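The primary structure of each chain is shown beneath.
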Amino acid sequence: MTDWVIGKIKKINYWTKNLFSIILNAKVNHFIPGQFTKLSLIIDGKRIHRAYSYINSPENINHEFYIKNIETKGHLTPYLYKLNNNDEIMISKNASGIFTINNINSCKNLWMISTGTGIGPYLSILQNGSYLEKFKNIILIHAVKYITDLSYINLIDKLKIKFQNKLIIQIITSREKKQNHLLLKGHIPELIKNGVLEKKIGIIINKNNSHIMLCGNPQMVYDTQKLLEENYGLSKNLKNKKGNITVEKYW
(Lines give C-alpha, C1' and ligand atoms only; values in the text may rest on other atoms or scores of the structure.)
Protein backbone atom coordinates (compact mmCIF):
# COMPACT_ATOMS: atom_id res chain seq x y z
CA MET A 1 0.00 0.00 0.00
CA THR A 2 1.38 3.43 -0.97
CA ASP A 3 2.26 5.80 1.85
CA TRP A 4 1.26 9.26 0.59
CA VAL A 5 2.52 12.64 1.80
CA ILE A 6 1.44 16.14 0.84
CA GLY A 7 3.67 18.14 -1.48
CA LYS A 8 3.41 21.80 -2.40
CA ILE A 9 4.01 23.07 -5.92
CA LYS A 10 6.95 25.49 -6.01
CA LYS A 11 7.16 26.05 -9.76
CA ILE A 12 5.97 24.67 -13.10
CA ASN A 13 8.13 25.08 -16.21
CA TYR A 14 6.23 24.90 -19.49
CA TRP A 15 8.82 23.91 -22.11
CA THR A 16 6.56 23.34 -25.11
CA LYS A 17 2.83 22.92 -25.71
CA ASN A 18 2.90 19.45 -24.16
CA LEU A 19 6.18 19.20 -22.24
CA PHE A 20 6.39 20.58 -18.72
CA SER A 21 8.19 20.07 -15.42
CA ILE A 22 6.79 20.17 -11.91
CA ILE A 23 8.99 21.28 -9.02
CA LEU A 24 7.54 20.54 -5.60
CA ASN A 25 8.54 20.42 -1.97
CA ALA A 26 7.64 17.41 0.15
CA LYS A 27 9.10 15.41 3.03
CA VAL A 28 9.80 12.12 1.27
CA ASN A 29 12.26 9.42 2.25
CA HIS A 30 15.71 9.32 0.68
CA PHE A 31 15.76 7.93 -2.86
CA ILE A 32 18.53 6.60 -5.08
CA PRO A 33 19.21 8.55 -8.30
CA GLY A 34 17.42 6.80 -11.15
CA GLN A 35 14.43 5.76 -9.07
CA PHE A 36 10.82 6.83 -9.61
CA THR A 37 7.96 7.83 -7.34
CA LYS A 38 4.21 8.40 -7.76
CA LEU A 39 2.31 11.67 -8.05
CA SER A 40 -1.38 11.71 -7.28
CA LEU A 41 -4.48 13.93 -7.33
CA ILE A 42 -8.07 13.28 -6.31
CA ILE A 43 -10.11 13.69 -9.51
CA ASP A 44 -13.90 13.30 -9.47
CA GLY A 45 -13.66 11.61 -6.09
CA LYS A 46 -11.06 9.06 -7.19
CA ARG A 47 -7.32 8.95 -6.54
CA ILE A 48 -5.44 8.98 -9.83
CA HIS A 49 -1.70 8.37 -9.73
CA ARG A 50 1.16 7.78 -12.14
CA ALA A 51 4.87 7.00 -11.79
CA TYR A 52 7.51 9.62 -12.61
CA SER A 53 11.29 9.55 -12.26
CA TYR A 54 13.10 12.06 -10.10
CA ILE A 55 15.18 14.56 -12.08
CA ASN A 56 16.80 16.19 -9.08
CA SER A 57 19.62 14.78 -7.01
CA PRO A 58 18.51 13.35 -3.62
CA GLU A 59 20.23 16.11 -1.65
CA ASN A 60 18.01 18.79 -3.20
CA ILE A 61 15.18 20.00 -0.96
CA ASN A 62 12.83 20.36 -3.94
CA HIS A 63 11.86 17.51 -6.26
CA GLU A 64 11.50 17.81 -10.02
CA PHE A 65 9.62 15.71 -12.56
CA TYR A 66 9.59 15.93 -16.37
CA ILE A 67 6.17 15.18 -17.84
CA LYS A 68 4.47 14.94 -21.21
CA ASN A 69 0.89 16.19 -21.22
CA ILE A 70 -1.49 13.71 -22.84
CA GLU A 71 -4.25 16.18 -23.65
CA THR A 72 -7.04 13.91 -24.86
CA LYS A 73 -6.30 10.53 -23.29
CA GLY A 74 -4.37 11.40 -20.14
CA HIS A 75 -6.16 10.67 -16.87
CA LEU A 76 -3.71 12.70 -14.78
CA THR A 77 -1.33 14.79 -16.88
CA PRO A 78 -3.91 17.38 -18.05
CA TYR A 79 -4.66 18.11 -14.37
CA LEU A 80 -0.96 18.27 -13.45
CA TYR A 81 -0.45 20.66 -16.36
CA LYS A 82 -2.98 23.10 -14.89
CA LEU A 83 -1.56 23.20 -11.36
CA ASN A 84 -0.38 26.50 -9.92
CA ASN A 85 2.26 27.55 -7.41
CA ASN A 86 1.35 26.59 -3.82
CA ASP A 87 -1.22 24.00 -4.97
CA GLU A 88 -1.06 20.73 -3.05
CA ILE A 89 -0.28 17.38 -4.63
CA MET A 90 0.22 13.92 -3.17
CA ILE A 91 3.53 12.13 -3.62
CA SER A 92 4.51 8.67 -2.46
CA LYS A 93 6.86 8.81 0.51
CA ASN A 94 9.04 5.99 -0.77
CA ALA A 95 10.71 5.68 -4.17
CA SER A 96 10.93 2.49 -6.22
CA GLY A 97 12.94 0.97 -9.05
CA ILE A 98 16.33 -0.56 -9.79
CA PHE A 99 17.30 1.72 -12.67
CA THR A 100 20.30 2.79 -10.61
CA ILE A 101 24.07 2.90 -10.97
CA ASN A 102 24.76 0.90 -7.80
CA ASN A 103 23.05 -2.01 -9.58
CA ILE A 104 25.57 -1.98 -12.44
CA ASN A 105 29.01 -3.58 -12.45
CA SER A 106 32.11 -1.58 -13.35
CA CYS A 107 32.94 -1.37 -17.04
CA LYS A 108 34.74 0.89 -19.48
CA ASN A 109 31.75 2.40 -21.30
CA LEU A 110 28.37 3.25 -19.80
CA TRP A 111 25.74 4.18 -22.40
CA MET A 112 22.73 6.19 -21.15
CA ILE A 113 20.18 6.04 -23.98
CA SER A 114 16.89 7.92 -23.74
CA THR A 115 13.93 9.22 -25.70
CA GLY A 116 11.81 12.22 -24.68
CA THR A 117 11.10 12.48 -20.96
CA GLY A 118 13.20 9.36 -20.44
CA ILE A 119 16.18 11.70 -19.97
CA GLY A 120 14.91 12.32 -16.42
CA PRO A 121 16.63 9.58 -14.38
CA TYR A 122 19.96 10.19 -16.13
CA LEU A 123 19.86 13.84 -15.09
CA SER A 124 19.34 12.75 -11.48
CA ILE A 125 22.18 10.24 -11.72
CA LEU A 126 24.60 12.70 -13.32
CA GLN A 127 23.78 15.58 -10.98
CA ASN A 128 24.40 13.32 -7.99
CA GLY A 129 27.52 11.68 -9.42
CA SER A 130 27.68 8.71 -7.03
CA TYR A 131 29.31 5.50 -8.32
CA LEU A 132 30.21 7.05 -11.69
CA GLU A 133 33.90 6.55 -11.02
CA LYS A 134 33.26 2.91 -12.02
CA PHE A 135 33.22 3.95 -15.69
CA LYS A 136 35.87 5.49 -17.93
CA ASN A 137 33.38 6.89 -20.44
CA ILE A 138 29.73 7.89 -20.04
CA ILE A 139 27.80 8.30 -23.29
CA LEU A 140 24.52 10.20 -22.95
CA ILE A 141 22.18 9.75 -25.93
CA HIS A 142 19.08 11.96 -25.94
CA ALA A 143 16.58 11.42 -28.76
CA VAL A 144 13.71 13.84 -29.40
CA LYS A 145 11.40 14.71 -32.29
CA TYR A 146 12.48 18.34 -32.65
CA ILE A 147 15.23 20.58 -31.30
CA THR A 148 12.57 22.53 -29.39
CA ASP A 149 11.97 19.37 -27.32
CA LEU A 150 15.44 19.67 -25.73
CA SER A 151 14.02 21.08 -22.51
CA TYR A 152 17.09 20.35 -20.39
CA ILE A 153 19.82 21.24 -22.86
CA ASN A 154 21.23 23.94 -20.54
CA LEU A 155 21.56 21.43 -17.71
CA ILE A 156 23.10 18.91 -20.09
CA ASP A 157 25.68 21.52 -21.14
CA LYS A 158 26.53 22.16 -17.46
CA LEU A 159 26.96 18.43 -16.86
CA LYS A 160 29.29 18.24 -19.87
CA ILE A 161 31.48 20.91 -18.24
CA LYS A 162 31.31 19.12 -14.88
CA PHE A 163 32.47 15.75 -16.23
CA GLN A 164 34.64 17.16 -19.05
CA ASN A 165 35.88 14.46 -21.43
CA LYS A 166 34.37 11.68 -19.35
CA LEU A 167 30.85 12.59 -20.56
CA ILE A 168 30.07 12.28 -24.26
CA ILE A 169 26.74 13.70 -25.42
CA GLN A 170 24.87 12.94 -28.63
CA ILE A 171 21.53 14.48 -29.59
CA ILE A 172 19.27 12.61 -32.02
CA THR A 173 16.20 14.04 -33.74
CA SER A 174 13.61 12.07 -35.67
CA ARG A 175 11.66 14.86 -37.40
CA GLU A 176 13.90 17.92 -37.41
CA LYS A 177 14.30 19.47 -40.85
CA LYS A 178 17.35 21.56 -40.00
CA GLN A 179 20.41 19.42 -39.40
CA ASN A 180 23.99 20.20 -38.47
CA HIS A 181 27.17 18.31 -37.60
CA LEU A 182 26.19 18.08 -33.92
CA LEU A 183 22.95 16.20 -34.58
CA LEU A 184 22.02 12.78 -35.86
CA LYS A 185 18.67 12.17 -37.51
CA GLY A 186 16.84 8.87 -37.21
CA HIS A 187 15.69 6.33 -34.64
CA ILE A 188 17.96 4.75 -32.07
CA PRO A 189 17.62 1.05 -33.05
CA GLU A 190 18.32 1.81 -36.71
CA LEU A 191 21.27 4.07 -35.90
CA ILE A 192 22.80 1.29 -33.81
CA LYS A 193 22.03 -1.43 -36.36
CA ASN A 194 23.66 0.41 -39.25
CA GLY A 195 26.67 1.44 -37.17
CA VAL A 196 26.05 5.19 -37.53
CA LEU A 197 25.77 5.89 -33.79
CA GLU A 198 28.96 4.06 -32.84
CA LYS A 199 30.85 5.75 -35.68
CA LYS A 200 29.62 9.19 -34.62
CA ILE A 201 30.56 8.59 -30.97
CA GLY A 202 33.83 6.86 -31.78
CA ILE A 203 33.18 4.05 -29.30
CA ILE A 204 32.11 0.49 -30.12
CA ILE A 205 29.45 -1.37 -28.12
CA ASN A 206 31.08 -4.54 -26.83
CA LYS A 207 29.69 -7.09 -24.37
CA ASN A 208 33.06 -7.24 -22.59
CA ASN A 209 33.39 -3.54 -21.79
CA SER A 210 29.96 -1.90 -22.20
CA HIS A 211 26.76 -1.45 -20.22
CA ILE A 212 23.65 -0.02 -21.89
CA MET A 213 20.89 1.78 -19.99
CA LEU A 214 17.63 2.27 -21.91
CA CYS A 215 14.86 4.61 -20.82
CA GLY A 216 11.85 6.09 -22.60
CA ASN A 217 9.45 4.94 -25.29
CA PRO A 218 8.65 1.23 -24.66
CA GLN A 219 8.98 0.39 -28.36
CA MET A 220 12.46 1.94 -28.48
CA VAL A 221 13.43 0.03 -25.34
CA TYR A 222 12.10 -3.26 -26.73
CA ASP A 223 13.62 -2.88 -30.20
CA THR A 224 17.01 -1.72 -28.90
CA GLN A 225 17.22 -4.41 -26.24
CA LYS A 226 16.35 -7.10 -28.79
CA LEU A 227 18.97 -5.76 -31.20
CA LEU A 228 21.66 -5.66 -28.51
CA GLU A 229 20.86 -9.19 -27.39
CA GLU A 230 20.73 -10.71 -30.88
CA ASN A 231 23.48 -8.76 -32.65
CA TYR A 232 25.88 -7.88 -29.83
CA GLY A 233 25.46 -10.77 -27.40
CA LEU A 234 24.44 -8.53 -24.50
CA SER A 235 22.04 -9.71 -21.78
CA LYS A 236 19.58 -8.06 -19.42
CA ASN A 237 20.87 -6.99 -16.03
CA LEU A 238 18.97 -8.77 -13.26
CA LYS A 239 19.18 -8.78 -9.46
CA ASN A 240 20.37 -12.37 -9.30
CA LYS A 241 22.19 -12.46 -12.64
CA LYS A 242 24.33 -9.55 -13.79
CA GLY A 243 24.12 -8.54 -17.42
CA ASN A 244 24.88 -5.45 -19.47
CA ILE A 245 21.42 -4.03 -20.35
CA THR A 246 19.40 -2.11 -17.76
CA VAL A 247 15.95 -0.91 -18.82
CA GLU A 248 13.21 1.44 -17.69
CA LYS A 249 10.02 1.73 -19.74
CA TYR A 250 7.82 4.83 -19.74
CA TRP A 251 4.00 4.62 -19.96
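Just above sits the structure.
Visitor: When you look at the overall build of the protein in this model, what are you seeing that I'm missing?
Guide: Scanning the protein from N- to C-terminus turns up six helices and twelve strands. The C-alpha radius of gyration of the protein comes to 18 Å, within 12% of the 18 Å expected for a compact globule of 251 residues. For the C-alpha atoms alone, the extent of the protein along its principal axes is close to 50 × 45 × 35 Å. For the protein, the proportion of its 251 residues judged to be buried stands at 50%. When contacts within the protein are restricted to residue pairs at least 6 apart in sequence, long-range pairs at least 24 apart make up 70% of them. As displayed, the protein has an accessible area near 13000 Å², and 49% of this comes from carbon and sulfur atoms. Each charge sign in the protein was given a centre, from 35 positive and 17 negative side chains, and these centres are 2 Å apart.

Visitor: Where do I start with the nonpolar core in this structure?
Guide: Across soluble globular proteins, nonpolar side chains show a tendency to be buried alongside one another. Ile-101, Met-112, Leu-126, Leu-132 and Met-213 are the most contacted members of the largest nonpolar core, which has 26 residues in total. Counting residues per element, the ones that place at least two in this core are strand S7 (107-115), helix H2 (120-128), strand S8 (135-144), helix H3 (153-163) and strand S11 (210-216). Beyond its immediate stretch of four places on either side in the chain, Leu-132 contacts Ile-101, Met-112, Ile-125, Leu-126, Ile-138, Phe-163 and Lys-166.

Visitor: Quick question: what am I supposed to make of the sheet that holds strand S2 (residues 19-25) here?
Guide: Strand pairs in the sheet, formed through backbone hydrogen bonds, run parallel or antiparallel to each other. Ordered in space as S4-S3-S6-S1-S2-S5, the six strands form an open sheet in which the pairing is antiparallel. Sheet topology places strand S4 (46-53) and strand S5 (62-68) at the edges, where each strand pairs with a single neighbour. Each neighbouring strand pair of the sheet contributes to a mean axis angle of 40°, computed without reference to strand direction. Judged from the seven bridges that link them, S2 and S5 form a sheet pairing that is antiparallel. Bridge pairing in S5 links Ile-23 to Glu-64.

Visitor: Please clarify how the environment of Gln-35 should be interpreted in this entry.
Guide: Structurally, Gln-35 is set in the loop between S2 and strand S3 (36-43). A residue is classified by how much of its surface remains accessible, and Gln-35, at 11% relative accessible area, is buried. Sequence separation between Gln-35 and Leu-126 is 91 residues; the distance between their C-alpha atoms is 13 Å. Among the polar contacts listed, one links the side chain of Gln-35 to the backbone nitrogen of Ile-32, at a separation of 2.9 Å. A polar side-chain atom of Gln-35 sits 3.0 Å from the main-chain carbonyl oxygen of Gly-97.

Visitor: How should the packing of aromatic side chains be read in this particular structure?
Guide: Geometrically, a pair of aromatic rings is defined through the distance of the ring centres and the angle of the planes. A full pass over the atoms with the stated rule returns eight aromatic pairs. For the pair Phe-20 and Tyr-81, a centre-to-centre distance of 5.1 Å together with 85° between the ring planes defines the contact as edge-to-face. Here Phe-20 is found in strand S2, whereas its partner Tyr-81 is found in helix H1 (residues 77-81), with 61 residues between them in sequence. Using a relative accessible area of 22% as the deciding quantity, one classes Tyr-81 as partly exposed. Aromatic side chains Tyr-66 and Tyr-152 sit 5.0 Å apart centroid to centroid with 80° between the ring planes, which places their arrangement in the edge-to-face category. Here Tyr-66, found in strand S5, pairs with Tyr-152, found in the loop between S8 and H3; they are 86 residues apart in sequence, far enough to count as distant. By relative accessible area, which is 5% here, Tyr-66 ends up buried. Put simply, the rings of Tyr-14, Phe-20 and Tyr-81 pair up and form one aromatic cluster.

Visitor: Please explain the pairing of S11 as it appears in this structure.
Guide: On a regular strand, one side chain projects to one face of the sheet and the next to the other, so that they alternate. The buried fraction of S11 amounts to seven of the seven residues, a majority that puts the element mostly inside the structure. By the bridge criterion, six bridges tie S7 to S11 in an arrangement that is parallel. Bridging across to S11, Ile-113 finds its partner in Leu-214. Pairing analysis gives five bridges linking S11 to strand S12 (residues 245-249), with the strands arranged parallel. In the sheet register, Cys-215 faces S12, and the bridge partner there is Glu-248.

Visitor: I tried to follow the packing of H2 against H3 on my own but got confused; where do I start?
Guide: Geometrically, a packed helix pair is captured by the angle between its two axes and the distance between the axes. Between H2 and H3, the shortest axis-to-axis distance is 10 Å and the interhelical angle comes to 35°. With respect to the hand of their crossing, H2 and H3 are arranged in left-handed fashion. Contacts between H2 and H3 involve Leu-123, Leu-126 and Gln-127 on the former and, on the latter, Leu-155, Ile-156, Leu-159, Lys-162 and Phe-163.

Analysis parameters
- Residues numbered from 1 in each chain as written.
- Predicted model: local features only at pLDDT ≥ 70, side-chain atom pairs only at ≥ 80, totals over all residues.
- Heavy atoms only, no water.
- Helix = DSSP H or I, 4+ residues; strand = E, 2+ residues; numbered from the N terminus.
- Rg over C-alpha atoms; globule rule 2.2 N^0.38 Å.
- Buried < 20%, exposed > 50% of the residue type's maximum accessible area, 1.4 Å probe, protein only.
- Contact = heavy atoms within 4.5 Å.
- Areas by Shrake-Rupley, 256 points an atom, 1.4 Å probe, with all protein chains shown as cover.
- Lys, Arg positive; Asp, Glu negative; His and termini not counted.
- Charge placed at Lys NZ, Arg CZ, Asp CG, Glu CD.
- Core = buried A, V, L, I, M, F, W, Y, C linked by side-chain atoms within 4.5 Å.
- Pairing = 2+ DSSP bridges.
- Axes fitted to C-alpha atoms, helices over the stretch in contact; angles between N-to-C directions.
- Polar contact = N/O pair within 3.5 Å; in protein donor to acceptor, adjacent residues only side chain to side chain.
- Phe/Tyr/Trp six-rings, centres within 6.5 Å; stacked < 30°, edge-to-face > 60°.
- Left-handed = near helix turned anticlockwise from the far one by under 90°.

So far we have only geometry, and geometry alone does not tell us how the molecule works.
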